[in-house]
Amino acid sequence: MKIKTQFLLSVSRTFFNTIPKTPVEKTRLAAVSSITTASALINENFAEQFKNDDPKRGCLDGDIAKLRMIDYSIRCLNALNFSQKGFSEITNQMVGKALHAFCVVGSVSLSVFHYNTLINMYSKLGNIEHARYVFDKMCQRNSASWSTMLSGYVRVGLYQEAGELFCQMWGLGVEPNGFMIASLITSYSRSGSMVDEGFQVHGFVVKIGMFSDVYVGTALVHFYGSIRLPYNAQMIFEEMPDCNVVSWTSLMVGYSDSGNPGEVINAYQRMGRNGVCGNQNTFATVTSSCGLLEDRFLGYQVLGHVIQYGFDGNVSVANSLISMFSSFSNVEEACYVFDRMNERDTISWNAMISAYAHHGLCRESLICFHSMRHLHDETNSTTLASLLSVCSSVDNLKWGRGIHGLVVKSGLDSNVCICNTLLTLYSQAGRSEDAELAFRAMTETDLISWNSMMACYVQDGNCLNGLKLLTELLQMGKGMNHVTFACALAACSHPEFLTEGKIVHALIIVSGFHDDLIVGNALITMYCKLGMTMEAKQVFQAMPQPDMVTWNALIGGHAENEEPNEAVKAYKSMREKGTPANYITIVNVLGACSSPDDLLERGKPFHAHIVCTGYESDDYVKNSLITMYAKCDDLDSSNYIFAGLANKSSITWNAMVAANAHHGRGEEALKLFNQMRNEGVVLDQFSFSGGFSATANLGVLEEGQQLHGLVIKLGFRSDLHVTNAAMDMYGKCGEMHDVLKILPRPINRSRLSWNILISASARHGCIQKGIETFHEMLEHGSKPDHVTFVSLLSACNHGGLVDEGLAYYDSMTNEFGISPGIEHCVCIIDLLGRSGRLSEAESFIKTMPVPPNDLAWRSLLAACRIHGNFELGRKTAEHLLESDPSDDSAYVLYSNICATSGRWNDVEFLRKQMGSKNVMKQPACSWVKIKDKVHSFGIGNKNHHHPQAIQIKAKLGELMKTMKEAGYVADTSFALHDMDEEEKEYNLWNHSERIALAFGLMNTPENSTLRVFKNLRVCGDCHSVYKFVSEIVGRKIVLRDPYRFHHFSGGKCSCGDFW
């Protein structure tokens, strides 16, 4: 006993010596109001009484010292009214233990009440083992003892132990009270996995007749709300005889947790009508629900109640107000609430950062985070998740990487939610490789992780890896949900994955997700993108309750597949079924109209319908109307709509720029672009895309370079969409070097980047480079599409690589699963025809998988003209004229075949036919741009009004003389008129490209590259002239025709004389 007493006193004194001292005199006079003050008093007086003791003896030596301290401790406890308060006011575990020790050592008699407060003290301070020890050592217990111990277990999360204790109590015959049962039900609410036990307690409550107890009823309401059974909670609530504010709030929380904010508001209104005032939890729940409903008027009404009842200073209510104002897109109000909070917790800071992040305010989010770290000094996973979400873009990726580093430093890289947000960060920034690294490094993954990674692959165009991930999920036996299948279906929305798409569809049926609305919508979208609208319609018809999104997917699918009748029919059915339409529906129907016939039959009537239904005021609809009229060759109506808009958004301007560029009105498109800048409209990536398209079509390099400079100035340099448009512009303006200069690194290239590079290489005669690029593309895991193969086959065509082209055509279907389109077939016909394999080209037309169009027959006719095959040319011309009697190219090409064969009577007959049918031959035209002016030239005498006509004629004579001295001999087979050789040669020198060449040589610096453009294919003799001139004058000359670029230098051409 002596050793035990010494130990307890030693522990107590060791602790008390750490408490700051207060002068003894002041302490004795002051009113003792807390245990801590009493503890300090005990320690100070004890030290005062022993200050003259011999240090060698020690302050704990001697029975007198022990008795004196025990006696003084008892007197202090009496001064604290310990008999009435017990241990209930203790908030420090060491103080509590010390006073417990005093009671034991001083033989202070502790009543059941004191033991109950001691149990409560230990459980509140997290020391549940000590609480249970005290409980077990109690000689006598009352119901409060059991209730306190039970609450202690619930408080520390030992829900199983709480249930076992309740069973023990019931087995000993102790009657439970409302507090005990309420605590037990609360434990099952919090556990998340003890639902069955909760149901059993509910049955027990009914059996013993305690359902009328307000605490028990409230706990049951909360329990059913927490397990997402809000209507069960409501039934219990309605049966309760008495409801207090906690009961009402529990019902609201249940509705809120189940995603029913409307019911929360209904319950709040009923509570008010019943005369019950809300508490802080009520208002926190109600304001959050107003935010979810995005009901501003209701939100401000609730704010009035908050202020009326004095809860505007409450932290939890203020936090909910911040979130509510964020949902209303009113960051200023959220900031106002935050700035005026007297007290902030971590949730307050997170709510403010989340508000900034929700509205894409990256800079403000980071500033708020900086202040949080300095003023609050506590962050958690929610903080970092919000910051990562706002950094999810290419521009803010550097900050995202910094937050990623902080995640690792904070040890949160094992947190699944944080890691999932990291996957989203890298996915939205277009960094699938980084996302994959983060995914593979995760120590623990959930289904969200797998779905996020799959979505990342699909978004990046890496559909094969997305499907491989689905295979991994299946092999691991992990569960899948509707998001998994929606991502998988998106991965199959390319023709090469048709088989995989059908397999995924089968999996959906087997897994029981075929009735899921989101999965059904994804199935319709997939089949429509695969061109299988019949299958999409079958899925639609099997869906139990299609919604607006479902209808939009079907209508949009018909529009994409150029089925305007079906799109309009689906829209009519949608209206008949009573499903409301939105702007997306209208935009999809407008997108289905793409020809002049569509405009008259559907487009204009639907425009009238739009006006009647009030959708004409929608910006997206206006833009779609502009685009529809432009696609239907009615650009005047597009301009009329555009001019009538009072407030033009950047989207509207972009639509108009793109429409003009698409219709070959490049100059008008550039004027609109400049006007857009002058009016202060914010430029985006689509603005630059339209601008680059216009400069590319015009071939105006200087304007394209100016646009590129503006791109760099405004910070769009890293935007892949803009980079691709700039690459395309440089390629079409003859600057292959600049294409390569701005080409992204292979790891960052999109499929479009690869396609543009292959196409540009083919157009510039870099055939081998184009083929190498294709194989490099495959090595980097990028899947080719139908555009890739059009560019690749064009490269083979320009290079005369017949066998290679045929091999690539076969691999397109056999290896990559891409069905041949008319563009691919035209390439093969042209490839075979130009190489002289005319019979094979003719056979190919008869057996090709798509019906031949005018381009196919025209390619074969051009080949017949090159090789002088009159019979096949005649049959081909007949095919062309059957489909379109006004096709001038059919007459011209067939006439040329007749002329080269010496059939001048046939030539004359064809010319008369053209005259009688008013078919006009497209006139040849060549042009040169010098400074800011474009100089155009036609054939022969059409240029005699040009101010430099005499000088041009003289320059041509000079060039002819010099060239003949260098060995030039005119190839008069390209002069297709019945006249003598001298006249034929004279006519050749009147070709527009020669006149443009002479003018350009006269008016450009000697060391500069001369650029000439022609609207028709360059003739063979003019091609020879350009080669001779490039060597004679020692200059680089670039000639662009509709098919390719010819780079002349030193007497050679980049095409290798094959074009």
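Note that this is a predicted model, so its numbers are computed, not measured.

So, how was this worked out
- Residues numbered from 1 in each chain as written.
- Predicted model: local features only at pLDDT ≥ 70, side-chain atom pairs only at ≥ 80, totals over all residues.
- Heavy atoms only, no water.
- Helix = DSSP H or I, 4+ residues; strand = E, 2+ residues; numbered from the N terminus.
- Buried < 20%, exposed > 50% of the residue type's maximum accessible area, 1.4 Å probe, protein only.
- Contact = heavy atoms within 4.5 Å.
- Areas by Shrake-Rupley, 256 points an atom, 1.4 Å probe, with all protein chains shown as cover.
- Phe/Tyr/Trp six-rings, centres within 6.5 Å; stacked < 30°, edge-to-face > 60°.
- Pairing = 2+ DSSP bridges.
- Salt bridge = Lys/Arg side-chain N within 4 Å of Asp/Glu carboxyl O.
- Axes fitted to C-alpha atoms, helices over the stretch in contact; angles between N-to-C directions.
- Parallel < 35°, antiparallel > 145°, perpendicular 65-115°, else oblique.
- Left-handed = near helix turned anticlockwise from the far one by under 90°.
- Nonpolar A, V, L, I, M, F, W, Y, C, P; charged D, E, K, R; others polar.
- Expected span 1.5 Å × (residues − 1).
- Core = buried A, V, L, I, M, F, W, Y, C linked by side-chain atoms within 4.5 Å.
- Patch = residues over 30% accessible without salt bridge, like charges linked within 9 Å, V, L, I, M, F, W, Y side chains within 5 Å.
- Polar contact = N/O pair within 3.5 Å; in protein donor to acceptor, adjacent residues only side chain to side chain.
- pLDDT = per-residue confidence, 0-100.

A. A look at the overall build of the protein. When helices and strands are tallied, the protein shows 58 helices and 6 strands. Here the C-alpha coordinates of the protein stretch approximately 145 × 70 × 55 Å along the principal axes. The burial tally for the protein puts 49% of its 1059 residues in the buried class. Look at the contacts in the protein between residues 6 or more apart in sequence, and 62% of them connect residues 24 or more apart. About 50,400 Å² of surface is accessible on the protein, with carbon and sulfur atoms providing 52% of the total.

B. Molecular detail of the packing of aromatic side chains. Using the criterion set out here, one finds 34 aromatic pairs in the structure. Judged by centre distance (5.0 Å) and plane angle (90°), the ring pair of Trp170 and Phe204 falls under edge-to-face. On the criterion of sequence distance, the pair formed by Trp170 in helix α10 (residues 159–171) and Phe204 in helix α12 (residues 195–208) is long-range, its members being 34 residues apart. Assessed through its relative accessible area of 17%, Phe204 is described here as buried. With 5.4 Å between their ring centres and 45° between their planes, Phe283 and Phe311 make a pair best called tilted.

C. Summary view of the sheet that holds strand β4 (residues 1037–1040). Overall, mixed pairing links the 6 strands, which are arranged β2-β1-β3-β4-β5-β6 in an open sheet. Each edge of the sheet is formed by a strand with only one pairing partner; in this case those strands are β2 (933–937) and β6 (1052–1053). As paired elements, strand β1 (residues 926–930) and strand β3 (residues 1010–1014) share 2 bridges and run antiparallel to each other. Bridge pairing in β3 links Ser926 to Lys1014.

D. Looking closely at the pattern of salt bridges. As enumerated under the stated definition, the model contains 32 salt bridges in all. Across the pair Glu89 and Lys85 runs a salt bridge whose closest N-O atoms are separated by 3.2 Å. Within the structure, one salt-bridge network assembled from shared partners comprises Arg401, Arg431 and Asp434.

E. Seen up close, the packing of helix α37 (residues 619–631) against helix α38 (residues 635–644). Running from N to C, α37 and α38 cross one another at 160°; their axes reach a closest spacing of 7 Å. For the element pair α37 / α38, the angle class is roughly antiparallel. Between α37 and α38 lies a crossing of left-handed hand. Of α38, the residues touching α37 (which contributes Leu625, Ile626, Tyr629 and Ala630) are Leu635, Ser637, Ser638, Ile641 and Phe642.

F. Just the environment of Ala877, in detail. Inspection of the secondary structure assignment puts Ala877 in helix α52 (residues 870–883). Here Ala877 falls in the buried class, since its relative accessible area comes to 2%. In the structure, Ala877 is positioned 537 residues away from Arg340 in sequence and 83 Å away in space, judged by C-alpha atoms. Once residues lying within four places of it in the same chain are set aside, the contact partners of Ala877 are Leu861 and Tyr894.

G. Inspection of the environment of Thr695 at higher detail. If you trace the backbone, Thr695 turns up in helix α41 (residues 685–698). Judged by its relative accessible area of 0%, Thr695 is buried. Each C-alpha atom, one on Thr695 and one on Leu670, is 7.7 Å from the other, the two residues being 25 residues apart in sequence.

H. How the structure looks around unusual backbone geometry. With a phi close to 55°, Glu294 is a non-glycine residue in the positive phi region. Despite not being glycine, Glu562 shows a phi value in the positive range, around 55°. Its location among the elements puts Glu562 in the loop between α33 (548–560) and α34 (564–576). Owing to a relative accessible area of 63%, Glu562 belongs among the exposed residues under this scheme.

I. Molecular detail of the packing of helix α16 (residues 261–273) against helix α17 (residues 280–293). Contact pair α16 / α17: the axes reach a minimum separation of 9 Å and the direction vectors enclose 135°. By the angle between their axes, α16 is oblique relative to α17. Crossing of α16 against α17: the hand is left-handed. Along the contact surface, α16 presents Pro261, Gly262, Val264, Ile265, Tyr268 and Met271, while α17 presents Thr282, Phe283, Thr285, Val286, Ser289, Cys290, Leu292 and Leu293. Of the residues belonging to the contact of α16 with α17, the class tally is 10 nonpolar, 4 polar and no charged.

J. Inspection of helix α11 (residues 178–191) at higher detail. Taking 1.5 Å per residue, 14 residues should reach 20 Å; α11 reaches 20 Å between its end C-alpha atoms and fits that length. Taking burial as the measure, the 14 residues of α11 include 11 buried ones, the bulk of the element. Of the residues making up α11, those classed as buried are Gly178, Met180, Ile181, Ala182, Ser183, Leu184, Ile185, Thr186, Ser187, Tyr188 and Ser189. Close packing links the buried residues of α11 with α9 (143–156), α10, α12 and α13 (214–226). After α11 finishes, the residue Gly192 shows a positive phi value of roughly 80°.

K. Molecular detail of the nonpolar core. Counting residues in hydrophobic clusters, the biggest one holds 216 residues, and the most contacted among them are Phe87, Ile181, Met352, Ile524, Phe688 and Phe692. Once you skip the residues sitting within four places of it in the chain, Phe692 turns out to touch Gly704, Leu707, His708, Val711, Val722, Ala725, Ala726 and Met729.

L. View of a nonpolar patch on the surface. A contiguous nonpolar patch, built from Tyr583, Ile584, Tyr620 and Ile651 and spanning about 340 Å² of accessible area, is present on the exposed surface. As for its placement among the helices and strands, Ile584 is situated in helix α35 (residues 583–591). On the basis of relative accessible area, Ile584 is assigned to the partly exposed category, the value being 35%.

M. Structural detail: helix α58 (residues 1020–1033). Between its first and last C-alpha, α58 extends 20 Å over 14 residues, near the 20 Å set by a 1.5 Å rise per residue. Restricting attention to buried positions, one finds in α58 the residues Gly1020, Asp1021, Cys1022, His1023, Val1025, Tyr1026, Lys1027, Val1029 and Ser1030. One or two residues past the end of α58 sits Gly1034, with phi positive at roughly 65°.

N. Region of interest: the side chain of Ser638. Among the secondary structure elements, Ser638 is positioned in helix α38. Of note is the side chain of Ser638, whose polar atom sits 2.6 Å from the backbone oxygen of Ile626. The contacts of Ser638, once residues within four sequence positions are left out, are Ile626, Tyr629, Ala630 and Met656.

O. Just the confidence of the model for the protein, in detail. With 91% of its residues at a pLDDT of 70 or more, the protein has an overall mean of 86. Contacts from residues 1–64, a stretch scored under 50 in pLDDT, to residues over four places away or in other chains number 71 contacts.

P. Inspection of the environment of Leu831 at higher detail. Summarising the element assignment, Leu831 is placed in helix α49 (residues 822–834). As for Leu831 and Asp803, which are separated by 28 residues in sequence, their C-alpha atoms are 9.6 Å apart.

Q. Representation of the pairing of β2 in the model. Summarising the sheet, β1 and β2 pair through 5 bridges and their orientation is antiparallel. If you follow Ser926 over to β2, its bridge partner there is Phe937. Hairpin connection from β1 to β2: 2 residues lie between these consecutive antiparallel strands, with Lys931 at a positive phi of about 60°.

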